[in-house]
Amino acid sequence: MSLLFPLTLPFLVKNPSQPQYEMDVYRGDLEHPKAPGNKWHKLQHHLVEAQRQNANVIATFGEPFSNHLHAFGATLAQTSFKAVAIVRGELQPKMTPTLLDMVASGVEL
């Protein structure tokens, strides 16, 4: 599956005899189903390095509503690493949807 999608921009052309503008759009949101956008692009290198070092645990920092934490938990659930998340920010009166998903994925908060 290609992550590059061609896009023609006819609205930039005022004169029909001028060529249309074309560009390719990189769709990072399609790169990994559980870690959209640049999350997987960044995380994959850390996973490779952790495997190279024979690590057992991977930890990260993030805030209670963080997309990073959500992607981290969902991605590491598919690996043998123990996942730990240190949650920064103000104490929340109850678990956020992000934190609930992380716990369901086996992440230790």
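Residues numbered from 1 in each chain as written. Predicted model: local features only at pLDDT ≥ 70, side-chain atom pairs only at ≥ 80, totals over all residues. Heavy atoms only, no water.

A.B. asks: Explain the pattern of salt bridges to me, please; I cannot follow it from the model alone.
C.D. replies: A pair can form between side chains of opposite charge whenever their charged atoms are brought close. Enumeration according to the criterion identifies two salt bridges in this entry. The salt bridge partner of Glu 49 is Arg 52, with a shortest N-O separation of 2.6 Å. With Glu 49 and Arg 52 both in helix H1 (residues 38–52), this residue pair falls three residues apart, about one helical turn. In this structure Glu 49 comes out as partly exposed when scored by relative accessible area, which is 30%. For Arg 52, a relative accessible area of 57% translates into the label exposed. With its nearest N and O atoms 2.9 Å apart, the salt bridge here joins Glu 108 to Lys 82. Here Lys 82 lies in strand S4 (residues 82–87) and Glu 108 lies in the segment after helix H3 (97–104), a separation of 26 residues in the sequence. (Salt bridge = Lys/Arg side-chain N within 4 Å of Asp/Glu carboxyl O. Helix = DSSP H or I, 4+ residues; strand = E, 2+ residues; numbered from the N terminus. Buried < 20%, exposed > 50% of the residue type's maximum accessible area, 1.4 Å probe, protein only.)

A.B. asks: Mind showing me how you'd approach the nonpolar core here?
C.D. replies: The tendency in soluble globular proteins is for nonpolar side chains to be buried as a group. In terms of nonpolar packing, the biggest core is built from 16 residues, with Leu 47, Ile 58, Phe 72, Leu 76, Phe 81, Met 102 and Val 107 touching the most fellow members. Every element with two or more residues in this core is listed here: H1, helix H2 (67–76), S4 and H3. Sequence-distant contacts of Leu 76, that is, excluding residues within four places in its chain, are made with Leu 43, Leu 47, Ile 58, Phe 81 and Ala 83. (Core = buried A, V, L, I, M, F, W, Y, C linked by side-chain atoms within 4.5 Å. Contact = heavy atoms within 4.5 Å.)

A.B. asks: What am I meant to see in the side chain of Thr 96 here?
C.D. replies: Secondary-structure assignment places Thr 96 in the loop between S4 and H3. Given a relative accessible area of 3%, Thr 96 falls into the buried group. When residues no more than four places from it in sequence are discounted, the contact partners of Thr 96 are Pro 64 and Phe 65.

Structural measurements only, silent on function.
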